[in-house]
Each structure stands twice: as structure tokens, then as C-alpha cells.
Amino acid sequence: MSKLIYTTPSHGDWNKALPIGNGKLGAMIYGEGTSEHFQLNEDTVWFGGRRDRNNPDALSHLDEIREKILSGKIPEAEELCKYALTGTPQSQHSYQSLGDVYFDYCGALKESEHFTRTLDLSRAIHTSAITDTASKTTYQIETFSSYDFNCIVARFTSSTPGELNLAASLQRTSFYETTKHTDDTLFISGNLGGGGQDFCCGMRFVPKGGNLQGIGEHLVVKGADAVTVLITAATDFRSDNPQETVWNTLDRAAGQTFDLLKETHIKEYQSYFNRMKLELAYDSSLDELTTNERLARIDEHHPDNGLINTYMDYGRYLLISSSRGDSLPANLQGIWNRDMEAPWGSKYTININTEMNYWPAGICHLSDCQLPLFEHMLRMLENGKETAKKMYGCRGFVAHHNTDLWGDTAPQDIYIPATFWVMGGAWLSTHIWNHYLYTKDIDFLKKMYPFLKESVQFFMDFLIDVGGNLVTCPSVSPENTYIMPDGTRGCLTYGCTMDNEILHELFDHFDKASQVLNDNDVDFIKKARACAAKLPDIQIGKQGQIMEWQEDYEEAEPGHRHISHLWGLHPAHQITPDLTPELCEAASVTLKRRLAGGGGHTGWSRAWIINLYARLWDAENAYQNLLLLFSHSTLENLLDNHPPFQIDGNFGAVAAIGEMLLQSREDRTILLPALPGAWGTGSVKGLCGMGGIVYDLKWENHILTETRLYSDKGASVVLQYKETQKRLTLSAGETLVVSF
């Protein structure tokens, strides 16, 4: 069932409200019952403005910091880093809530019965309905966020003609200066704070019948049959005149009928959503339960594959709704943030969280939803070149563990376990080649190649030789702490395993891209290959685990949420069951140790664990951790709970479900590699693999019964199911049916 269904109001609880969005413009719809409340977001609503935060004293202290690290004086190195390698000022700015819309029925609806609210994932429409106890009049609200018209559209109707009374106000807790209205339109506008951006938010009523007027901070209509409410917003990040943009946007949408707005919205949205569908066989009698009831009961003794189908649809819905077209990329909360100062600023945290947001993009046939991320990376490029030059004396591009609306690349906060990590831009760079492998879009690769090359250039300058290996220094393993033999605790070090894994991938991707694009910069490519040859390899420690640091240290927190040293297992393919069995065994030991120490206690961490077990082809552990994600880290509205809400857990888990069914590598694509016992019969349509190949699979009693492959552009693939491999070539537009 592609719906979230509830029969009780949210009672003002944001964690029970339901999200809608078009990439730029989003709302959390509370479903309040006798009134209604929308909490609004617009993706460019951020405090402050662009700043140069590069620390001017970094370069002059870099050699001293390195000397202290290499001589084991970790506390001294960390102390100096707090002064010399932090940003100035130390923190980036925060994403903000746009505001709130409060609706009421002007006293007409006091007591109610038969309340329902649903989010139809197949059409991206929220519907709530409530019946007044006394009059038996039913009030219904249909709401969606239109991409084509960049408006939130809400249609209020009454089952009794001429009985709809509706009032609404736009509110913001701070950073707004004026409220203005005409007879049908209400505006709030002002500055978002910190001497930064101007903004405007507007709401228009388009009634059918009745009397409408603006009064103070409200629009009020009495005696209508129906009212279409249009809401939009703009900042001067995109618009020279936000208020004019808002007015013109409302005018354009108000010139359409509600039916046309709805029809256009559904068609545009379904052009994404209908590409893929998971259908695990399940007990359809469970459809009589509400979504929160199903979430509360699901465990290994109460399986509910229907809820997993819905969760898969929901994750795809969230990605489409928070990242498409010319929007910004999905941030820590997608676009749905209720606070003026969001948790962790709701920034783009690039030591895993932003990257995890896009793990499902390729496999779930939504590669174009990743394009906003690449546009933002280009926004970061010149900033990152400045950071590389001013702070490290290096050529090329670097970014640390966070970025913001303006593509800031300087270190974030003073938090030693995370701040002094130079790999954020490098990790983002690895998304370029992977996107190309899924799309075969040569124009995209040409556009992003300078970003990839500048990232390689930075590390060619930045890496230092330690014992014949080229390593990062300083660095950390996000966001972990080790214990030295003398009991000293430290974070700062050199050559962390995660750094090395990312760098192997970065240099490999650059080399392949340079060949595809026939880059004739022979000297640069030769030096890059020589650098890559001196990167350290993955090591196995005394406990049989993958080592996280160059030394086999004990961990201060064995159940730490980050599992950085398994980056080579997922998202990379450097550790695989068929090609590197010893490393896979060590990865399995690593996971067992993490979980024994209490790992997976945040939603996104649990989602990463599911992906890691899927890559180990360990179906049952992947499935058990998916159930734990539902029971420990999923809110009633199915959003991921860090806590608080972070959207990366949703996206990571959806990617993991895809990985359990199909794993696409450059050397082969593996079908049903981690199919758990609970998923004995099912089908999936539209999973995407490298080469742009689209897969439809069916299975019964755990046996693959049907495999269809389609390719738009044509591709070759080695297809593997269990022990059998087939080498196939598809012409452009060809569909193949394969039997195993």
C-alpha cells in the first residue's frame, strides 16, 4: 500500500506531522482535526550570508602540528589545532524554518468524529477529513507541493454547500519585519538575520463563493463552497526581488483551476515515482491497520512486508520531494525543519550524512534527483580552492566535514573528533564517477571533471610520506576516539583507514574519467598514478577486525555510531565476499564488535549497518537490523530518528533494501545477493544498475523466476545469480529476458 494512514490528529506533535515538498518548497502538515497547521520550509531560508572563514594562521602552524602528531604528542597537537586550524569564525550558519500557517474554521467545527489523514505516496497528496458531530458536515483538505507552479496548494471543501468558513494567518517567530495584505493575499517579509538575505512568503485564497477579506494578519472567508489556498516563498538567493517573485508566482498559480494544478502535479511527480516498485508478498489483512499501528507491531515475530513496501515508497517519495530540478540538495532534514536554529544547523554534513542522502539515487532509478548535489558541489569549488591555498598552501580543492547554502569549505566548529578532517570534498568527488556509471552521461562527466581533478590536485600536494606511504596529516576518523598504550586518548592522527579508502577510490575514479574524456595532461595523470600507488592498504588488527587507524589502538567507544573504516565495504566496493574474503571476514568481526558495544543507536548508523550486512551477503543480519531500525529509530510518521529527526536514516535504509535485492559493481551485477527468509516471494520493477541498465525481478520461495533487463543507451554486463554468471550485451532500447 503506497499510503501512510492515521485516524488520530497529531495533537501538535511535529514528529507525527506528514511531509510534502517539491524540492524547494516543503511543509509538515499536522492534521490537527478541528483546525489545521502547516509548518513551512523553503530551501534557501538560511541565517546570515557568505563569509570567508579560512583561518589565516593555519598554514604557518601546519608543520608544527604535523611534527607533534608524528612524534606522538597528540594532546599538544590537538590543543594547537583548536587555535590554528579552526574556522574564523568557527561555525557556519543555520538553515531556518520559513514559518507557520494556522487555519481555523471560525468556530464552525467544535466537536468531531471520523477523523482520517493520509499521505498518498503514489500521487504525493496529503488528504485529511473530519466530520462535525453536530452538523454532520465533513470538511476535507487536499494538499500538495506543486513543482511546476512552485506553490503549496491546499483545497478546503465542505460537504454542505455554502457552509465553509475559513481563516488563516502566516506567522514567524523572528526575523520578519512586515505583514501586509490585500483582499485575497497575505505577505510576510523581512531579513533572515545576520545581515544576510531578504525573504518574502505569500499566501492567497481563491474561494468558490462566499465573502473574502484581509483583516490584520488574517485572510478570512465566510460562506464558501470551497477555498483553494496557495502558498509560496522566495529569498534573494535566487531572486532579485523576492516580493515581486512571490506575487508573480501566486498570480500564475491562481490563474489555473485546482483540478489543473492537481493534474499537472501528479503527472510531474509520477514521472519520477513510477520508475520503480517493490512488492514483497504480505498479509493484506494488515492493511486494515493504521501506519502507526503497523510500525508498533513489526518485529521478527510479527512480520509485515507490506510496511516495508510502503517504507521503500516513502523513501523514494522523500528524495523526490526534497531534491529535484533546480532545488538545493537535501540537507540533514531534507527540507523539513521546524526550528529557527536547526539541530546541527541542518547543514550539509559531508562526513557521511549528505552522501547517505544520495545512496538510493542510482539504484532506485532517481539519478537525476542527485543533480542538485552536483550543482552545489560546483558552488563549493572556488571556495574550496581558497581554503586549500590559504590554510594548507596547496593547489586544488578541499572541503571539511560541513558545508552550507553558500558552499563554505572551511573547518566547522571546534570539535576535535570531526573538525580537522579534510576528506569531505573527496568523498563528494567519488559520487561523480558513480553517477556517470549509472547514467553514462558524458556531458555530465565533462562538467564535473574539473571538480574531480582539483580534488586530486589537493591531495597530491597535501599528503606526506610516512614510512614509504603517502598519508593525510592531520586527520581524524570521524567522529571517533582512540586510546594509546599509555592510556592517552586522542582523535587527531595521520592516515586513517577511511581516508585511505576514499583516496584509493578518488584516484581510481579520476584515472578512469581521464581516459574516458581523453585528458591530454599526461604529466598530471602520471603524477596522480604515482601518488595513488603509495597509498596505504586496508589492514587487519589483532582482534581480526579492520583497523581504523594506522596503529591498532583500542577504541574509547567500541559501539561508536560511525563505522568509518568499513567505507571500503560500503559505499565503495573495495571489500567484497567473492574477491576479498579475508577482508570480508574482518569486516564481519568489526560489525559484531560495534554491535556488541551498543552500535547502531542512531538511525543513520543503523541504516549504514544494514547496507554493510547486505554487501557481506548476510541476508538475515541485514533484515534483523532493518527491524531494529523500525523499532528503535523510526518515528510515528516513518521519518528517521537520530534522535532528533534526520532524514539520512530513511535514505540509507531504502538504499539498503535495494542492495539486498541487487548489487551493481563495475565488474558485475549480482541478483538477490542478500534475500532474507522473510522475503520469500516478491518482485521489484525498475531497480537500476551501472551502465544505466534497468532490472525487473520476480522470485518465489526464494528462487529467482524472472529477470528482465532494459537499457536506454545500450550496455554490457556480467550478470550473476548465486554461482551462475552470464555475460550480456544490450542494444539501445533493447529488453532481454534472462533465465537462470
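Numbering of residues begins from 1 in every chain and follows the order in which that chain's sequence is written. Confidence filtering applies because this is a predicted model: local features only for residues at pLDDT of at least 70, side-chain atom pairs given and counted only at 80 or more, and all residues used for totals across whole chains, interfaces and linings. With hydrogens and water excluded, all non-hydrogen atoms of the structure serve as input to the side-chain values.

A. The overall build of the chain, seen in detail. For the purposes of this entry, the term helix denotes a DSSP run of H or I that reaches at least four residues, the term strand denotes a run of E that reaches at least two, and both are numbered from the N terminus. When its secondary structure is counted, the chain shows 18 helices and 32 strands. Each radius of gyration is computed over the set of C-alpha atoms, and the globule rule expresses the reference value as 2.2 Å times the number of residues to the power 0.38. Compactness check: the chain gives a C-alpha radius of gyration of 26 Å against a globular reference of 27 Å for 740 residues, within 12% of the reference. For the chain, the C-alpha atoms occupy an extent of roughly 80 × 60 × 50 Å along the three principal directions. The buried label applies to any residue whose accessible area, calculated with a 1.4 Å probe on protein chains only, is under 20% of its type's maximum; exposed applies above 50%, and partly exposed to all values in between. Classification of the 740 residues of the chain by burial places 62% in the buried group. Long-range pairs, those at least 24 residues apart, make up 68% of the contacts in the chain with a sequence separation of at least 6. Under the convention used here, a 1.4 Å probe and the Shrake-Rupley method define accessible areas, while residue burial counts only the protein chains that appear. Summed over its atoms, the accessible surface of the chain is roughly 25,600 Å², and 47% of this surface lies on carbon and sulfur atoms. Separation of charge centres in the chain, based on 63 positive and 94 negative side chains, amounts to 3 Å. Whether two residues are in contact is decided by their heavy atoms, any of which lying within 4.5 Å being enough. The charge count treats Lys and Arg as positive and Asp and Glu as negative. His and the chain ends do not count. Just so you know, the charge point we use is NZ for Lys, CZ for Arg, CG for Asp and CD for Glu.

B. Local environment of the side chain of S683. Take S683: it is sitting in strand β27 (residues 682–689). We classify S683 as buried; its relative accessible area is 11%. If we skip the residues at most four places from it in the chain, S683 touches K277, L278, E279, L697, K698 and W699.

C. Focus on the layout of surface pockets. There is about 860 Å³ of room inside the largest pocket. Here a cavity denotes a set of grid points, spaced 1 Å apart and computed over the protein atoms alone, in which a 1.4 Å probe fits but from which it cannot get out, and a pocket denotes an open set meeting protein on both sides within 12 Å along at least five of seven lines; residues with an atom within 4 Å of a point are reported as lining. Looking at the largest pocket, it is lined by 45 residues, and the ones nearest its centre are N434, E505, P571, A572 and H573. Elements that contribute at least two residues to the lining of the largest pocket include exactly α8 (359–363), α11 (424–439), α13 (497–516), α18 (648–661) and β25 (662–664). Tallied by class, residues from the lining of the largest pocket come to 20 nonpolar, 15 polar and 10 charged. Grid points are joined across faces, edges and corners, and a volume is the space filled by probe spheres set on the points. Taken as a whole, the second largest pocket encloses approximately 500 Å³ of empty space. What lines the second largest pocket is a set of 28 residues, and nearest its centre among them are W344, G345, K347, Q412 and D413. When residues are grouped by polarity, Ala, Val, Leu, Ile, Met, Phe, Trp, Tyr, Cys and Pro land in nonpolar, Asp, Glu, Lys and Arg in charged, and all others, Gly among them, in polar.

D. Geometry of the pairing of strand β2 (residues 18–21). The two faces of β2 match: L18 and I20 on one face and P19 and G21 on the other face are all buried. The pairing of β2 with strand β3 (residues 25–29) spans four bridges and is antiparallel. Residue pairing in the sheet places P19 in a bridge with M28 of β3. In sequence, β2 turns back onto β3 through a hairpin of three residues, with G23 there showing a positive phi of about 100°. A pair of strands is treated as paired once DSSP finds two or more bridges between them.

E. Representation of a negative patch on the surface. Patch members must show over 30% relative accessible area and no salt bridge, and they are joined within 9 Å when carrying like charges or within 5 Å when they are nonpolar side chains of Val, Leu, Ile, Met, Phe, Trp or Tyr. Whenever a carboxyl oxygen of Asp or Glu lies within 4 Å of a side-chain nitrogen of Lys or Arg, that contact is scored as a salt bridge. Taken together, E177, D198, D236 and D240 make up a surface patch of like negative charges. Looking at the element boundaries, D236 is found in the loop between β16 (226–235) and α3 (242–254). D236 sits in the partly exposed class, given a relative accessible area of 33%.

F. Empty space enclosed by the protein, seen in detail. The tally for this structure, following the rule as stated, stands at four cavities of 30 Å³ or more. Each pocket or cavity is described by its volume, and for the largest cavity that value is around 170 Å³. Forming the walls of the largest cavity are 17 residues, and the residues nearest its centre are Q545, I546, Y553, E555 and R593. The leading source of residues in the lining of the largest cavity is helix α15 (residues 581–596), at three residues. In the lining of the largest cavity, the residues fall into five nonpolar, four polar and eight charged. The volume enclosed by the second largest cavity comes to roughly 60 Å³. Taken together, M1, K3, I5, L289, T291, R294, L307 and T310 make up the lining of the second largest cavity. Among the elements of the structure, β1 (3–6), α5 (291–297) and α6 (305–322) are those that each provide at least two residues to the lining of the second largest cavity.

G. Region of interest: α3. Multiplying 1.5 Å by the helix residue count minus one yields the expected span of that helix. Between its first and last C-alpha atoms α3 spans 18 Å; for 13 residues at 1.5 Å apiece the expected length is 18 Å, and the two agree. Inspection of α3 places P242, V246, T249, L250 and A253 among the buried residues, and these make up the whole buried set. Buried positions in α3, seen along its axis, are confined to an arc of 95° and lie on one side of it. The directions from the helix axis to the C-beta atoms are what the arc is built from.

H. Region of interest: the packing of helix α4 (residues 258–273) against α6. The contact between α4 and α6 brings their axes to 10 Å, and the two run at 120°. Accordingly, the angle class assigned to the pair α4 and α6 is oblique. Two packed elements cross with a definite hand, and for α4 against α6 that hand is right-handed. Contact with α4, carried on its side by Y269, Y272 and F273, involves D313, R316, Y317 and I320 of α6 and no other residues of that element. Residue composition of the contact of α4 with α6, by class: five nonpolar, no polar and two charged. What counts as an axis is a line fitted to C-alpha atoms, over the stretch in contact for a helix, and the angles between N-to-C directions run from 0 to 180 degrees. In this scheme, roughly parallel covers angles under 35 degrees and roughly antiparallel covers those over 145, while 65 to 115 is roughly perpendicular and the rest are oblique. Here is the rule for handedness: rotate from the far helix to the near one, and if that takes an anticlockwise turn smaller than a right angle the crossing is left-handed, while a clockwise turn gives right-handed.

I. Spatial organisation of the sheet that holds strand β31 (residues 724–730). Taken in spatial order, the four strands line up as β25-β26-β30-β31 in an open sheet, and their pairing is mixed. Taken across any chain shown, the strands that pair with only one partner, and hence form the sheet edges, are β25 and β31. On average, each strand axis in the sheet is tilted by 20° relative to the strand beside it, whichever way the strands run. Looking at chain direction, strand β30 (residues 715–721) and β31 are connected through seven bridges and run antiparallel. Each bridged residue has a counterpart across the sheet, and for A715 the counterpart in β31 is L730. Strands β25 and β26 (669–671) of the sheet are contacted by α18, whose axis makes an angle of about 90° with β25.

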